[in-house]
Amino acid sequence: MPEYPRTAPRRTTGAPAPRRTSVPAPRRTSGAPRRRPAPRRRGTRRARAAGLARLAVCLTSAAVLLTSGVGWFAYHWLNNGLITSHALDALRDGAPRSRDGAVNVLLIGLDSRRDMNGNALPKEFVERELHAGSSEIGGYNTNTLILMHIPAGGGKVTAFSIPRDDYVEIAGGRGEHKIKEAYGLAKAEAEEKLIAEGVRGADLEHRGREAGREATLATVQKFLGVPIDHFAEVNLLGFYDIAKVVQPVQVCLKKPVRDRYSGADFPAGLQNLDARQALAFVRQRHGLDGGDLDRTRRQQAFLSSVTHKLKSQGVWGDVGKLQGLFDVVKKDVVIDDRWNILDFARQAPNLTGGNAEFHTLPIEGFATRKGEAVNLVDADKVRALVGKMIGGGSATASASPTGSGSGSEPGSGEASRSGSDGGSAGGGSAGGGGGATSGASPAPVPSDAFQGPAVEMGGVPCVD
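None of the values given here were measured: they were computed from a predicted structure. (Residues numbered from 1 in each chain as written. Predicted model: local features only at pLDDT ≥ 70, side-chain atom pairs only at ≥ 80, totals over all residues. Heavy atoms only, no water.)

**Q** Is there a simple way to think about the overall build of the protein in this case?
**A** In terms of regular secondary structure, the protein is built from 13 helices and 17 strands. Split into buried and exposed, the 464 residues of the protein put 47% on the buried side. Nonlocal contacts in the protein, meaning residues at least 24 apart in sequence, comprise 75% of its contacts between residues at least 6 apart. With an accessible surface of roughly 24,000 Å², the protein has 53% of that area assigned to carbon and sulfur atoms. (Helix = DSSP H or I, 4+ residues; strand = E, 2+ residues; numbered from the N terminus. Buried < 20%, exposed > 50% of the residue type's maximum accessible area, 1.4 Å probe, protein only. Contact = heavy atoms within 4.5 Å. Areas by Shrake-Rupley, 256 points an atom, 1.4 Å probe, with all protein chains shown as cover.)

The structure is reproduced here in structure tokens:
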């Protein structure tokens, strides 16, 4: 290894150090008596003992910080360089409030083949690794929307997946559309105005995405009738990068599948997937009885498998293992600017210890609206159901039922929609308009009130 010149340590704080002057040592003349060293004083021993005690305290403190892993590393390293967004600021005024310190986090999966600055990802990478076709496909749809409710002081985490084709009222007076389209609609509108003002390049992309986030957050908050306290957004590249860090990821399939659109080609049973296969696993919808609804459960199962692996391998408490994961977070994930990652990290044991459950929100059927296949939903029923599950709803966010009609129009859906999930799944006990009052014990919610079975975190669930 190359040797570096030795230098005195830099002085960073306090008054400037006094200038040192060279004082020659007195010359010893021959025959002069040699001086005996002065006897050590007790005070010196005490000072040394105190110094050793201080050193022990410092080493112990350092050991505690290092063994805590998440706390030390997240606070001192992760917070430096995160991509943050101000999109939640527009929602906080007049929004329903979380009670008793509970936190609602919205996870947004953006189906975009572009980087943070709007540049198209390399064609070969998109086609071969992501198996996602052209960079022009997908636009800025939010194909994954999951609200996670984290109770104050710990407890069971409840997550709600919102099917991407739910036909709802989009915030900002944009009318009814698929909920996944809120982001792209708002982004396009904002960019049209920004271009007229002369905004171009990466700045145009960043500001357009902020408008998309605001519309998505406002739409979901109104649809579910609960506040959104924090959010995290990741696109296809981010998902791939995260999967690459944690690969192989174990998943379980009830039957073999093969889909040329997503690239999924897996046998039945347990198997380990690399990053490319993992993306194909969570993106497949063709060839599945429930179509998009089965894909939603794939996403839930994948998250469960990843968090289970992180815990079983001790990643949450290992600084070295966390570094690769945090590198990806800092490059590919956008979070709100008020989110303290250290606080969230303390909830990791709940998320990875099996103390969390995923539900898919119910739909009323399928239909065609504006030439597109959509999911019909009863917004009042959805709000009441969410309110019962997490201990209260919000009358301030209530609205008229969303979707024109409650039945399915024949021949309107895709072929993959014709499975058993096509009927009504909204349990009658969950309906009724307003949510439960704050502080009341939530009534038991029947399992058939949701769209399909729940997915428990903490293991490797087997799915279609």
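**Q** How should the packing of aromatic side chains be read in this particular structure?
**A** The final tally for this structure, using the stated rule, is 5 aromatic pairs. Relative to phenylalanine 302, the ring of phenylalanine 239 has its centre 5.1 Å away and its plane inclined at 40°; by these criteria the two rings are tilted. On the criterion of sequence distance, the pair formed by phenylalanine 239 in helix 7 (residues 236-246) and phenylalanine 302 in helix 9 (residues 292-312) is long-range, its members being 63 residues apart. The class for phenylalanine 302 is buried, based on a relative accessible area of 6%. (Phe/Tyr/Trp six-rings, centres within 6.5 Å; stacked < 30°, edge-to-face > 60°.)

**Q** Please clarify how the pattern of salt bridges should be interpreted in this entry.
**A** Close approach of charged atoms allows side chains with opposite charge to pair. Tallying each qualifying case throughout the model produces 23 salt bridges. For aspartate 241, the salt bridge goes to lysine 331, with nearest N and O atoms at 2.6 Å. A residue pair is termed long-range when its members are at least 10 positions apart, and aspartate 241 in helix 7 and lysine 331 in helix 10 (residues 319-332) qualify at 90 residues. The salt bridge partner of lysine 381 is glutamate 364, with a shortest N-O separation of 3.4 Å. Pair noted here: lysine 381 is in helix 13 (residues 379-390) and glutamate 364 is in the loop between strand 13 (356-360) and strand 14 (365-369), with a separation of 17 residues, a long-range link. Glutamate 364 sits in the buried class, given a relative accessible area of 14%. When salt bridges with common partners are traced through the structure, they connect Arg164, Asp165, Lys178, Lys180, Arg285, Asp292 and Arg295 into a single cluster. (Salt bridge = Lys/Arg side-chain N within 4 Å of Asp/Glu carboxyl O.)

**Q** What is the right way to read the nonpolar core from this model?
**A** The nonpolar side chains of soluble globular proteins are, as a tendency, buried together. Among the nonpolar cores identified, the biggest contains 32 residues, and Leu106, Leu217, Phe223 and Leu224 are the most heavily contacted of them. Mapped by element, the contributors of at least two residues to this core are strand 2 (103-110), strand 3 (142-150), helix 6 (201-224) and helix 13. With 5 residues, helix 13 is the largest single contributor of residues to this core. With 31 residues, the next largest nonpolar core counts Ala278, Val282, Leu288 and Val463 among its residues. (Core = buried A, V, L, I, M, F, W, Y, C linked by side-chain atoms within 4.5 Å.)

**Q** Which parts of the structure should I look at to understand the environment of isoleucine 195?
**A** Assignment of secondary structure puts isoleucine 195 in helix 5 (residues 182-196). Setting aside its immediate chain neighbours within four residues, isoleucine 195 contacts Arg200 and Leu204.

**Q** What is the right way to look at the side chain of histidine 149 in this model?
**A** Here histidine 149 is to be found in strand 3. Within the local environment of histidine 149, its side chain forms a polar contact with the side chain of asparagine 104, the two groups lying 2.7 Å apart. Excluding its chain neighbours within four sequence positions, the residues that come into contact with histidine 149 are Ala102, Val103, Asn104, Lys156, Val157, Thr158 and Ile390. (Polar contact = N/O pair within 3.5 Å; in protein donor to acceptor, adjacent residues only side chain to side chain.)

**Q** For this particular structure, what's the right way to read the pairing of strand 4 (residues 157-161)?
**A** Side-chain direction in a regular strand flips from residue to residue, so the side chains alternate between the two faces of the sheet. Of all 5 residues in strand 4, 5 are buried; the element is thus mostly enclosed. Side-chain alternation along strand 4 places Val157, Ala159 and Ser161 on one buried face and Thr158 and Phe160 on a second face that is also buried. The antiparallel pairing of strand 3 with strand 4 creates a hairpin that spans 6 residues between the two strands, and glycine 153 there sits at a positive phi of about 70°. Examined bridge by bridge, strand 4 and strand 13 share 5 bridges and lie parallel to one another. In the sheet register, threonine 158 faces strand 13, and the bridge partner there is glutamate 357. (Pairing = 2+ DSSP bridges.)

**Q** Got a minute to help me understand the sheet that holds strand 17 (residues 462-463) in this structure?
**A** As a general point, the strands of a sheet are linked pairwise by backbone hydrogen bonds and lie either parallel or antiparallel. The sheet built from 3 strands is open, its strands ordered 11-8-17 with mixed pairing. Pairing within the sheet leaves two strands with one partner each, and these edge strands are strand 11 (269-273) and strand 17. Note that strand 8 (residues 249-253) and strand 11 share 5 bridges and pair antiparallel. In the strand pairing of strand 11, valine 251 is matched with glutamine 271. Strands in contact with helix 8 (residues 275-283) are strand 8, strand 11 and strand 17; relative to strand 11, the strand with the most contacts, it is inclined by about 130°. (Axes fitted to C-alpha atoms, helices over the stretch in contact; angles between N-to-C directions.)

**Q** In this structure, what is going on with the sheet that holds strand 12 (residues 333-336)? I would like to understand it.
**A** Strand order across the open sheet formed by 8 strands is 1-12-7-2-3-4-13-16, with mixed pairing between neighbours. Because the sheet does not close on itself, it has two edges, and the strands there are strand 1 (83-85) and strand 16 (455-456). Seen against the sheet, helix 9 touches strand 3, strand 4, strand 13 and strand 16 and runs at an angle of roughly 170° to strand 13. Along the sheet, helix 13 makes contact with strand 3, strand 4 and strand 13, crossing strand 4 at roughly 165°.

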